[in-house]
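Structural characterization, general
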Amino acid sequence: MNVDIQGIGMTSQRTRDRLIRRLEEHGIRNPDVLAVMRDTPRHLFVDEALASRAYEDTALPIGFRQTISQPYIVARMTELLLEDGIPDTVLEVGTGSGYQAAVLAPLVRQLYSVERNADLLRQAEQRFRQLKLHNIATRHADGHLGWPEKSPFDGIIVTAAPATLPEELLRQLGEGGRLVVPVGGAGSQDLIRVTRRGDQFEQETLDKVVFVPLVQGKT
Ligand code: SAH
């Protein structure tokens, strides 16, 4: 196996197992989510200078004033999305480093991921190739618009915070489909899960979270 992927020292399996134990202690229960996170080399999703901190349970900078999400939040959002079984197609808004996508992809049939920043997207695509994650399709676009041509989705996960629920994304949810999204202003948001039942949208307000804002347009 490639030494980069297997890792040594701070990126060793023991270090990763410690992170998984921490996630379990904080209430993550889904065995599939825990297994994928144990196998996902998070150090490949951050700058080399930060690789030694990749298995700490914290968000880390990825450039362009953006962050790779905290592992606990990635686990929690993935678990919320998967709670009633494995969704067939999922849309992610905010590819960023690609870490959340790399955790989701092995758990679904097809993942679509939209990112507004072309440089971040290019780096994430390289990581997907390196890790042979072939069921991720990406798009450089403003995620407020979703990905209409590929809708409806069984699940949608948004990894940047809109001020209010994005209506276009609700429209692109299939029957029984779930949207997991942090909603609110800078500083603190509510993690919200919306489940579509016909024309009804059931809404659950879950944890307090902190995400970078979902911004308009692409760069
Ligand atoms: N899922 C990422 C989290 C990255 S942070 C990870 O695991 O690393 C949020 C990301 O959302 C940033 O990359 C930012 O550029 C992107 N983003 C913000 N507004 C967006 C929008 N309107 N459309 C698509 N991506 C957006």
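These notes cover the structure that comes with them.

Scoring rules and cut-offs
Residues numbered from 1 in each chain as written. Predicted model: local features only at pLDDT ≥ 70, side-chain atom pairs only at ≥ 80, totals over all residues. Heavy atoms only, no water. Pairing = 2+ DSSP bridges. Helix = DSSP H or I, 4+ residues; strand = E, 2+ residues; numbered from the N terminus. Axes fitted to C-alpha atoms, helices over the stretch in contact; angles between N-to-C directions. Contact = heavy atoms within 4.5 Å. Near = heavy atom within 4 Å. Polar contact = N/O pair within 3.5 Å; in protein donor to acceptor, adjacent residues only side chain to side chain. Nonpolar A, V, L, I, M, F, W, Y, C, P; charged D, E, K, R; others polar. Salt bridge = Lys/Arg side-chain N within 4 Å of Asp/Glu carboxyl O. Buried < 20%, exposed > 50% of the residue type's maximum accessible area, 1.4 Å probe, protein only. Right-handed = clockwise from strand over helix to strand, strands pointing away.

Right, let's talk about the sheet that holds strand β7 (residues 173-183) for a bit. Taken together, the seven strands give an open sheet; going across it, the order is β5-β4-β3-β6-β7-β8-β9, and neighbouring strands pair in mixed fashion. Looking at which strands have only one partner, the edges of the open sheet turn out to be β5 (136-140) and β9 (200-209). Sheet twist, expressed as the average angle between the axes of neighbouring strands with direction ignored, equals 15°. Of the strand pairs in this sheet, strand β4 (residues 110-115) and β5 are connected by five bridges, and their pairing is parallel. Note that in β5 the partner of S113 across the bridge is T138. On top of the sheet, helix α4 (residues 71-82) reaches β3 (89-93), β6 (153-158), β7, β8 (189-197) and β9; it is set at about 160° to β7, its chief contact.

S97, E115, D142, G143 and V215 are the nearest of the 25 residues found near the ligand. At 3.1 Å from a nitrogen atom of the ligand is found a side-chain nitrogen or oxygen belonging to E92. In this structure, an oxygen atom belonging to the ligand sits 2.6 Å away from a side-chain N or O atom of S97. Mapped onto the shell around the ligand, the elements with two or more residues apiece are β2 (66-68), α5 (99-104) and β4. With three residues, β2 is the single largest residue contributor to the shell around the ligand. Among the residues making up the shell around the ligand, the classes are represented as 10 nonpolar, 11 polar and four charged.

Once that is clear, we can look at the pattern of salt bridges. Tallying each qualifying case throughout the model produces 13 salt bridges. Among the ionic pairs, E56 bridges to R53, the shortest N-O distance being 3.1 Å. Exposure remark for R53: the relative accessible area of 36% places this residue in the partly exposed category. Two residues, D207 and R76, come together in a salt bridge whose shortest N-O distance is 2.7 Å. Note that D207 is positioned in strand β9 and R76 in helix α4, a separation of 131 residues in sequence.

Attention now moves to the pairing of β3. Here is the key point about a regular strand: its side chains alternate between the two faces of the sheet. For β3, the buried fraction is high: five of the five residues fall into the buried class. Burial along β3 is two-sided: T89, L91 and V93 and V90 and E92, pointing in opposite directions, are all buried. After leaving β3, the chain enters α5 and then returns to the sheet as β4, a path that is right-handed. With four bridges connecting them, β3 and β6 associate as parallel partners. Note on β6: the bridge partner recorded for E92 is I157.

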